[in-house]
Structure formats: C-alpha cells, structure tokens
Amino acid sequence: MSTPGDGIPVQDTAFVSEQKRRAAEGGLNLKPSSRMPAPGSPEPRRAVGAAPAARIEDAVFSCRDVSVLYADKPGLSNVSIDIARQQVLAVIGPSGCGKSTFLRCLNRMNDTIAGARVTGSILLEGRDILGKEQDVAQLRAQVGMVFQKPNPFPKSIFENVAYGPRIHGLARGSADLDDIVCASLRRAGLWNEVKDRLSRPGTSLSGGQQQRLCIARTIAVQPEVILMDEPCSALDPVATARIEDLIDELRASYTIVIVTHSMQQAARVSQRTAYFHLGELIEVGETNRVFTNPRQKLTEDYISGRFG
Amino acid sequence: MTRRRQVRKLGNAVALGLSLLATLIGLACLGAILWTLVARGISGLSVQLFTQMTPPPGGTGGLLNAIYGSLVMSVLGMFIGAPIGILAGTYLAEYGRDARLSSVIRFVNDVLLSAPSIIVGLFVYEVLVVRMGHFSAIAGAVALAIIAIPVMVRTTEDMLRLVPQGMKDASTALGAYPWRTITSIVYPAARSGIVTGLLLAVARVSGETAPLLFTALNNQFWSKDLNAPMANLPVVIFQFALSPYKDWQQLAWSGALLITLAILLLSVIARLIISALPGGRSQ
C-alpha cells in the first residue's frame, strides 16, 4: 500500500505535517523516516498502514519525531503522539520497547541519565519543553511522576507530602501547608488510613499505602499531568485494584500517562492505548479499538499473547 | 570411592586447620599487644595522669597537656578536614558519578589514603612550618586534616551511594534541584553512615605520630596557643618511650594504653552505628 507522501522528497515541514494530518485522518500510514532502524529487525512491520501520530484537538502533550539515544544506542525512534487532556493514556509493549524511556521524556527525567540525548519536539501546552530555556524543576512540578517501586522519603508521612510544596514554595504559612497535605492525602484515598499517624515514618506503611503516599506526594505539587511507570507492578492484587480505582478518580482532574506490563490493567484504566515495539510507536488509538481491532499485526500478536 | 572421599575429607581438614592456625596467630599477636599494653600501662593509670603536666626526667607528672593537645588538634583537624572530605565525597557520589574527572579524583584520593603519613608531615612542614618559622598546633591540625580528608571522601561516597536511587529520582521528579535533593533527602538518609565515617577518621587521626612530629612537635608545658608547639599523646609516647628514664617510659605505656582505649571506644561506637544502619535507613 502506498501512501501519499511516499517517495516524494519533501523539504517543506508544513507540507509534511499536512500530509501526516491527512494520513492520520484517513487512517493511512505516513511512512516515518526511520533513520534508526531497530537492531536486528529488517523493516517488515511498517508495511501495513499505521497511523501513529493520531492527532488530537487540544492535546496536553504533542510529541513530534521524538528520538532518544542512550550513548548512541537508540532507545526511542521518531515517536509522534498526542496526549489528550484529562484522559488516561496507557503505554504498553514488551520489555525494552522504550515505553519507560518515552515516559521519562515527558518530564525530562532522561536528563539525569548520563549519555542520554533526546531529539525532536515535545510541546506541553504549546511550549517546547526540550529547549534550553525550559526550567526542568518547573516542568517537573507541572508533570509529576510515580515510580514502579514505592519510594517514600525517610521522613514522616506528613513531611513526605509536604516536601514538594515546600521546595516550590506553594504554601503560605503552616496552616496552608496542613491544608495542602490533607487535601492531597484525601485525593489519594489515604487520609482515613493515616490521619492519626501523620508523624509516623512513610516507610511504616504497607506497599500499597506507600504507593498511594507517593501519589499524594505528587498531587501535592498541583501538577497537570501525572506519569506513572508501572505503578502496580510491586503490589498485590488488592492494592493494585485500589490504585486503579484511584487512577479512574484522578482522571477527572489530571492527565495521566501510565506505563504498564499488564494488558488487563491498560484495558481497565485507560481511554487510549499506545503500543510500542523496539523503540517505535506502532499504534495508538482508543483502548477499546486497539484491543478489539488492532490495525497492526505486531499489536495483534502482542495483545493475543504471541510474544512479550 | 571411599578412599577418594577420605582423601577429600583430609584435604578439607588440612585447609581448615591451616586457616584456623593463621587466624589464631593473628589473634595471638593482637592479644599479646593488648596484654602488654594493659599490663605495663595500667600501673601508671592514676588521677594525676589527667591532672598534671608532663614532668622533667626524674620528677612526677601526668599527661594532661598531651591529652589536651591531642584532643584540640584532632578536633581542629576534623573541623578542617570533614567539610572538605564530605563535600568532595558528595561530588563523587552525586554530581560527577561517571565522569573522567571523578575517576581521576578517586584514584588520587586512594593514593592519598595509602600515602605514608610521614610524607604528609613533611609536606606540611615545608608548606606551613618553614614559612611560619616555627612549629605550631595549627600546622599539626592541618597535617591531621590532610590525613582525615581521604578517609572522609571515601566513606562519604560509599555511604551516599547506599541511598537508593529511587529516592533521589522521586525528589528530582518533584522538581527539586540536585542540591536540594542532597541536603533534604540524601544527607538525612545517609546521616548515620557519614557520622560513622567521621568517627573512623577521628580514630585514624588520633593515633598519628609522624605528621605531628614535623608540625606540632611537642611541648613540655601547658599551652593553649594554637600558634605555638603543642604537646600531644603520640609524640610524647614516642619521645618518652625512647628515653632512658624509667618514669618517662611508664608514662609512655600509660599514654599508649589511653590512646588505644580511646580508639577502641570510637571504633566500637562506629560499629554499633553501622549495625543499626539497616533499621535506620529505609529501603
């Protein structure tokens, strides 16, 4: 199947994005210029028409041709994706497919890895966050992150939540700080369990509670987006269910991007799903559609458990 | 079959016996040293050891000025050395993790760590004592600081690296700059480890003789002047032990016992803190 832009040498970027838009609308593939083919794989999987850069009106994030090199090894190749406001985007794919790498681009946590280089453009509310002028601390206040392993600070429950507001100077006085901590713990569904022991160490909580504490800590900074990197993989099923319920509630106020190994979880919590494979975005679309009617062979194989 | 097994059993027994023997020899040496120290030193332990100055030959006296001098110079040395050591260790552990500069610093630090202390003494003699024109407690403290720094760099880096990366990432992801993460999260998490390193550095420094020989020298009298030579236990022990006077030799033994006990105490405290670490730090 040939696509409109195929084979035509184009310099005009406006033209290219117009092509992409049309391709996306028509469900057609615009073959991305794969400057960095994933090692060991020829090129067959781009043959069928994919529409990775499905565009969204009023997107919170729009990523165009985002690539990541780890010490010259590709971690992510030309990913173009929009992230919709107040929705949950699930990012799935086999280990090493670049889903965490992608997530860490969105709050520039890749900066902390020596030798990592990010190219392309990532617009957050229309502002390029990869630029030198971007203050990373301010970005990370706007885009919070919850990690795989619950990692409370060796401080009290209260201080864990108060840490972010303190560094960003969000509270006017201690009463205000109390309010922020209380509200954050409530939103994270932890308040009733910890309200009588706010001065106990955060590590005294159970794993699931610790993870909700980490979510409360993230919420306390009043972010717009919350990134979650396999937030339930270290938790038991009951704690996982609680976190999933929480994600569903948080969706009303925040945009959430969740990386997960569990396809059931992706199906349960997300409205859109993106499938990554060997550093490339293969397919993105409504969760229902992706799981019931994947357009790509690779997505289908992964979802039906043929690998991964 | 059984024969081979017997041979293997025999081999095992021989290896076990040899390593046990080696251990016993080591322990016996240590035991003998401690025993001699206690046997010779304990008879000299008295109140006047802590209340009187070092005596002239033939007179009676104590070690007060030497004990005071050792304390002052060790503490002063740590005041100079600890901040430098801790900050350098912080740089290695947090800022320059894998950079080439860090591996150079690490190598140089290891060289300094194993450098003979007499060289440190000579260095400070050249740089400070010669220029000032006289021996002084300050020069002594600087020499001790130079010995303490590599110890502190090493222990600080090791202890900071024990702090889980996830904790640092969490702070970074909340929008904290590295320095904030270090002071608010990493230092508190590694506090007992850093204190342990401090104690070990004090223990290391308080027994050093050679660097003080060229810098603080010695003083027969009570002196609080940091700009003048100052008595200290190691040099007093060195001089008194070499003297032909019986009472001086006795004081040297007592001083040696004192210093050993002090270092032992510091090491025990450091060990206690280390053994309490896993509970104090959350994983």
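The structure we're discussing is the one just above.
The structure reproduced in this document is the subject of the present report. Here the structure is a predicted model, which is why all the values come from computation and not from measurement. (Residues numbered from 1 in each chain as written. Chains lettered and ligands numbered in written order. Predicted model: local features only at pLDDT ≥ 70, side-chain atom pairs only at ≥ 80, totals over all residues. Heavy atoms only, no water.)

**Let's talk about the sheet that holds strand E5 (residues 127–128) of chain A**
Residue and element names in this part refer to chain A.
Next up, step 1: In spatial order, the strands read E2-E1-E4-E5; together these 4 strands make up an open sheet with antiparallel pairing. The two strands at the open ends of the sheet, each matched to only one other strand, are strand E2 (73–84) and E5.
Next up, step 2: Strand direction decides the pairing type here: strand E1 (residues 59–70) and strand E4 (residues 116–124), joined by 8 bridges, are antiparallel. Note on E4: the bridge partner recorded for Tyr70 is Ala116. (Pairing = 2+ DSSP bridges. Helix = DSSP H or I, 4+ residues; strand = E, 2+ residues; numbered from the N terminus.)

**Here we look at the packing of aromatic side chains**
Next up, step 1: Following the criterion strictly, the structure yields 8 aromatic pairs over all chains and no others.
Next up, step 2: Consider the rings of Tyr275 of chain A and Tyr302 of chain A, whose centres lie 5.0 Å apart with planes at 35°: the pair is tilted. Here the residue Tyr275 of chain A occupies a position in strand E9 (residues 272–277), and Tyr302 of chain A occupies one in helix H11 (residues 297–303), the gap between them amounting to 27 residues.
Next up, step 3: With a relative accessible area of 0%, Tyr275 of chain A lands in the buried category.
Next up, step 4: A residue is classified by how much of its surface remains accessible, and Tyr302 of chain A, at 3% relative accessible area, is buried.
Next up, step 5: For the ring pair Tyr125 of chain B and Phe135 of chain B, a centre distance of 6.1 Å and an interplane angle of 40° mean the geometry is tilted. (Phe/Tyr/Trp six-rings, centres within 6.5 Å; stacked < 30°, edge-to-face > 60°. Buried < 20%, exposed > 50% of the residue type's maximum accessible area, 1.4 Å probe, protein only.)

**Details of the sheet that holds strand E6 (residues 143–146) of chain A**
All names here are of chain A.
Next up, step 1: Reading across from one edge, E6-E7-E8-E3-E9-E10 is the order of the 6 strands in this open sheet, with mixed pairing throughout. What marks the edges here is a single partner per strand, and that holds for E6 and strand E10 (280–286). Ignoring strand direction, the axes of neighbouring strands in this sheet form an average angle of 20°.
Next up, step 2: Here strand E3 (residues 88–92) pairs with strand E8 (residues 255–259) via 4 bridges, running parallel. Residue pairing for E8: Val88 is matched across the bridge by Ile256.
Next up, step 3: Helix H8 (residues 237–250) rests against E3, strand E7 (225–229) and E8 of the sheet, and its axis sits at about 150° to E8. (Axes fitted to C-alpha atoms, helices over the stretch in contact; angles between N-to-C directions. Contact = heavy atoms within 4.5 Å.)

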